[in-house]
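Fold and geometry: a report
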Amino acid sequence: MSRCIQLAKNGLGTTYPNPLVGSVIVLNHKIIGEGWHYKAGEPHAEVHAINSVKDQSLLKEATIYVSLEPCSHYGKTPPCSDLIIEKGIKKVVIGTIDPFAKVSGSGVKKLMNAGCDVVVGVLEKKCNDLNKRFFTFHNKKRPYIILKWAQTCDHFIAPINTNTERKPIWITNPSSRQLVHKWRAEESAILVGNQTVIKDNPKLTIREWHGNHPTRIAIDLTNKIPLKSSILDQTTETIIITSEENKEEDKGNTQYKKVPKNTNVLTEICDVLYRKEIQSIIIEGGRHAIQSFIDENLWDEARVFEGNTTFENGIKAPLLKGNLIAEEKTVNDTLRIYQND
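Keep in mind it's a predicted model, so treat the numbers as computed, not measured.

1. Overview of unusual backbone geometry
- For the bond from Y16 to P17, the omega torsion is 5 degrees, close enough to zero to count as cis.
- Secondary-structure assignment places P17 in the loop between α1 (2-8) and β1 (22-27).
- G285 connects to G286 through a cis peptide bond whose omega is -5 degrees.
- Inspection of the secondary structure puts G286 in the loop between β12 (280-285) and α10 (287-295).
- The phi angle at H29 is positive, at roughly 65 degrees, despite the residue not being glycine.
- Checked against the element boundaries, H29 lands in the loop between β1 and β2 (30-36).
- Phi at K141 is positive, roughly 60 degrees, even though this residue is not glycine.
- In this structure K141 comes out as partly exposed when scored by relative accessible area, which is 43%.

Laid out in structure tokens, this is it:
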């Protein structure tokens, strides 16, 4: 099962809206086949694992391991549980049950009804963590929310505003910034407030890593974002959240989503993103946007860089209480990762 999890991680950033899944086929304590889900719409992990076995007659004596319950319904691909039954595989070991309503438990039931010996719950916690985005999306009806910011040694995220050039002032080193671009490639979307767009004019795309651009989202309730901002360049899908009548109509890759005034804006935003099937999002700034998600307890993970510099005054870093689960160095920066208790 550990190998299943390792294989599944190869699909991070490419399988949305599908989960990460790895599969291994074992005979006489030896791996004879393995695979993972590459991309939504393409064959699932079990299919790749089964097809990788050169002598298909061995399958009837083999055990198939899979990190997530095999699907039992017709989507873009046929049910994996049907293929397992068709190939005569009698022993199936599953990491965890799929929370998706069309599968949840029905894959296991179909396999057992066909006479398969099914074991469920092997390395279950690790398998759940592997698909924390997928599970959060289906169980909580919102994306998995990752907070991310960089702060100085004296806990400021920006100096006193003297930035007239509409570009960021860097706190972290190039290695940390490259890591952020890797993270963008792994998540469905990225969100900032309008002040970040106005002051820094970020592109919010991937430039220092390879992968798909996340959907760009900006909270602009009062329509203050300049029309020449980089996030309105039509290069990738962008959503502008507003409470005012649209000053612009949907155009190309840019959509305007209106949320009602005098409501919980963040909950409304989460509903918009859920309907768009966005399973994960990085909240990158500014302070007001990040602190708002913290105050509403709408976050799952926080990634905080501390750079090797000081500002002495300026905009204070967000205030966060969470469970510190990891701390590491990226050259001379410190990265701390927190979980929401």
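2. Some words on the sheet that holds strand β9 (residues 215-219)
- The strand order across the open sheet formed by nine strands is β11-β10-β9-β8-β12-β6-β13-β16-β15, and the pairing between neighbours is mixed. Sheet topology places β11 (254-258) and β15 (323-330) at the edges, where each strand pairs with a single neighbour. With direction set aside, neighbouring strand axes in the sheet form an average angle of 20 degrees.
- Packing against the sheet, α10 makes contact with β6 (144-151), β8 (189-193) and β12, and its axis sits at approximately 135 degrees to β6.

3. A look at the UniProt feature "binding site: substrate" (unreviewed entry) in the protein chain
- Per the UniProt record, "binding site: substrate" (unreviewed entry) is found at R184, L204, R207 and E284.
- Considering the arrangement of structural elements, one finds R184 in helix α7 (residues 174-186).
- Once residues lying within four places of it in the same chain are set aside, the contact partners of R184 are I190, L204, T205, I206, R207, N212, P214, I282 and E284.
- Of note, E284 is situated in strand β12.
- Among residues more than four places away in sequence, those in contact with E284 are K148, V180, R184, I190, L191, V192, L204 and I290.

4. Considerations on the sheet that holds strand β3 (residues 63-68)
- An order of β2-β1-β3-β4-β5 is seen for the five strands of this open sheet, with the pairing classed as mixed. In this open sheet, the two edge strands, each paired with only one partner strand, are β2 and β5 (117-120). Neighbour-to-neighbour, the strand axes of this sheet turn through a mean angle of 15 degrees, independent of strand direction.
- Contacts from helix α4 (residues 106-113) reach β4 (91-96) and β5, with the element oriented near 155 degrees to β5.

5. Thoughts on the pattern of salt bridges
- Per the counting criterion, the structure on display carries 13 salt bridges.
- A salt bridge links R3 to E34, with the shortest nitrogen-to-oxygen separation between them at 2.6 Å. Here R3 is found in helix α1, whereas its partner E34 is found in strand β2, with 31 residues between them in sequence.
- When its relative accessible area of 31% is taken as the criterion, R3 is described as partly exposed.

6. Quick notes on the nonpolar core
- I145, L147 and I217 are the most contacted members of the largest nonpolar core, which totals 30 residues.
- With six residues, helix α9 (residues 265-275) is the largest single contributor of residues to this core.
- Setting aside anything within four residues of it in sequence, one finds L147 in contact with I283, I290, F293, I294, W299, E301, A302, R303 and L320.
- In this structure, L27, A45, I64 and C80 belong to the second largest nonpolar core, which totals 27 residues.

7. A closer look at the UniProt feature "domain: CMP/dCMP-type deaminase" (unreviewed entry) in the protein chain
- Residues given the UniProt feature "domain: CMP/dCMP-type deaminase" (unreviewed entry) here are residues 1-119.
- A helix fraction of 24% and a strand fraction of 24% characterise residues 1-119, whose end C-alpha atoms lie 12 Å from each other.

8. Some remarks on helix α6 (residues 132-140)
- For α6, a buried count of seven out of nine residues is recorded, marking the element as mostly surrounded by other parts of the structure.
- For α6, the set of buried residues is K132, R133, F134, F135, T136, F137 and H138.

9. With respect to the environment of T310
- Tracing the sequence through the fold places T310 in the loop between β13 (301-306) and β14 (315-316).
- Counting along the chain gives 157 residues from T310 to C153, while the straight-line C-alpha distance between them is 5.5 Å.
- Look past the residues within four positions of T310 in its chain and what remains in contact with it is T152, C153 and D154.

10. Considering the side chain of S72
- Among the structural elements, S72 can be located in the loop between β3 and α3 (80-86).
- Residue class for S72 comes out buried when judged on its relative accessible area of 13%.
- Among the polar contacts made by the side chain of S72, one reaches the side chain of S106 at a distance of 2.5 Å.
- Each residue touching S72, except ones within four places of it in the same chain, is listed here: P79, S81, K102, V103, S106, G107 and K110.

What counts as what
- Residues numbered from 1 in each chain as written.
- Predicted model: local features only at pLDDT ≥ 70, side-chain atom pairs only at ≥ 80, totals over all residues.
- Heavy atoms only, no water.
- Helix = DSSP H or I, 4+ residues; strand = E, 2+ residues; numbered from the N terminus.
- Buried < 20%, exposed > 50% of the residue type's maximum accessible area, 1.4 Å probe, protein only.
- Pairing = 2+ DSSP bridges.
- Axes fitted to C-alpha atoms, helices over the stretch in contact; angles between N-to-C directions.
- Contact = heavy atoms within 4.5 Å.
- UniProt positions renumbered as here; feature names shortened; annotations may be inferred.
- Salt bridge = Lys/Arg side-chain N within 4 Å of Asp/Glu carboxyl O.
- Core = buried A, V, L, I, M, F, W, Y, C linked by side-chain atoms within 4.5 Å.
- Polar contact = N/O pair within 3.5 Å; in protein donor to acceptor, adjacent residues only side chain to side chain.

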